[in-house]
Each structure stands twice: as C-alpha cells, then as structure tokens.
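# Overview (structure and organization)
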Amino acid sequence: MLHPDTAKLIGKLKTIAKKHGVEIDAGRMATDMGYALQTLTELGNTSDPEQGVVVMQLMQDLCLIDMSDGMGE
C-alpha cells in the first residue's frame, strides 16, 4: 500500500509527463520497481525543476535511491 503522499506525487508526475506526450501507468509505478526506476530515470533527464524534484522525491519514496550518502553521524 502506497503512502498517500507518494500516490499524489505519482499523480503529479503523470500529469507533468502527459504534457510532454509521455504516458505513465500509475498502478504499475506502485508495484513494478523495474518499471518505476526506468520511468523515473527517463523523466529525471529534464531541465524542468518541478519535474526533477518530483522524480527525486519519488525515487526516494519508492526506495530506488539512498539519499543518506554523505550525511555524517
């Protein structure tokens, strides 16, 4: 079960991607991490700051990247 904030981000990314002619399967994004990683990697190559932030947040929320590197204890 997705956290509601993660589901909202997927919906937001779906809307952003649609403006660029890219269709995203929101259900598959939540269940198929290979698909999610591929889709987010492709959409992460952008000059749109909003799209970039949404992609990075989703990658973190879906545990596709570890943002803790470089943080000292």
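Here, the structure is the one placed above.
Cut-offs used in this document
- Residues numbered from 1 in each chain as written.
- Predicted model: local features only at pLDDT ≥ 70, side-chain atom pairs only at ≥ 80, totals over all residues.
- Heavy atoms only, no water.
- Axes fitted to C-alpha atoms, helices over the stretch in contact; angles between N-to-C directions.
- Helix = DSSP H or I, 4+ residues; strand = E, 2+ residues; numbered from the N terminus.
- Left-handed = near helix turned anticlockwise from the far one by under 90°.
- Contact = heavy atoms within 4.5 Å.
- Nonpolar A, V, L, I, M, F, W, Y, C, P; charged D, E, K, R; others polar.
- Core = buried A, V, L, I, M, F, W, Y, C linked by side-chain atoms within 4.5 Å.
- Buried < 20%, exposed > 50% of the residue type's maximum accessible area, 1.4 Å probe, protein only.
- Expected span 1.5 Å × (residues − 1).
- Arc of directions from axis to C-beta.
- Polar contact = N/O pair within 3.5 Å; in protein donor to acceptor, adjacent residues only side chain to side chain.

In the contact formed by helix α1 (residues 4-19) and helix α4 (residues 49-61), the axes pass within 10 Å of each other and the chain directions differ by 145°. Crossing of α1 over α4 shows left-handed handedness. Across from Thr-6, Leu-9, Ile-10, Lys-12, Leu-13 and Ile-16 in α1, the residues of α4 making contact are Glu-50, Gln-51, Val-54, Val-55, Gln-57, Leu-58 and Asp-61. Taken together, the residues of the contact of α1 with α4 sort by class into 7 nonpolar, 3 polar and 3 charged.

The next subject is the nonpolar core. Counting residues in each nonpolar core, the largest one holds 16 residues, and the members touching the most others are Leu-13, Ile-24, Met-29, Leu-40 and Leu-58. Contributing elements (two or more residues each) for this core: α1, α3 (33-44) and α4. Excluding its chain neighbours within four sequence positions, the residues that come into contact with Ile-24 are Leu-13, Lys-14, Ala-17, Met-29, Tyr-35, Thr-39 and Leu-43.

Right, let's talk about the side chain of Thr-6 for a bit. Relative to the helices and strands, Thr-6 resides in helix α1. With a relative accessible area of 5%, Thr-6 lands in the buried category. In this structure Thr-6 touches Leu-58, Asp-61 and Leu-62, once residues within four positions along its chain are discounted.

With respect to the helices and strands, Cys-63 occurs in the segment after α4. For the pair Cys-63 and Asp-25, spaced 38 residues apart in sequence, the C-alpha separation works out to 19 Å.

This part covers α3. Look at α3: 16 Å from first C-alpha to last across 12 residues, which is about the 16 Å you get at 1.5 Å a residue. Turning to α3, its buried residues are Tyr-35, Ala-36, Thr-39, Leu-40 and Leu-43. Looking down the long axis of α3, one finds its buried residues gathered within 120° of arc, a one-sided arrangement. Tucked into the core, α3 has its buried residues touching α1, α2 (26-31) and α4. Regarding α3, its N-cap is Asp-32, as a side-chain oxygen of that residue lies 3.1 Å from the backbone nitrogen of Gly-34 further along.

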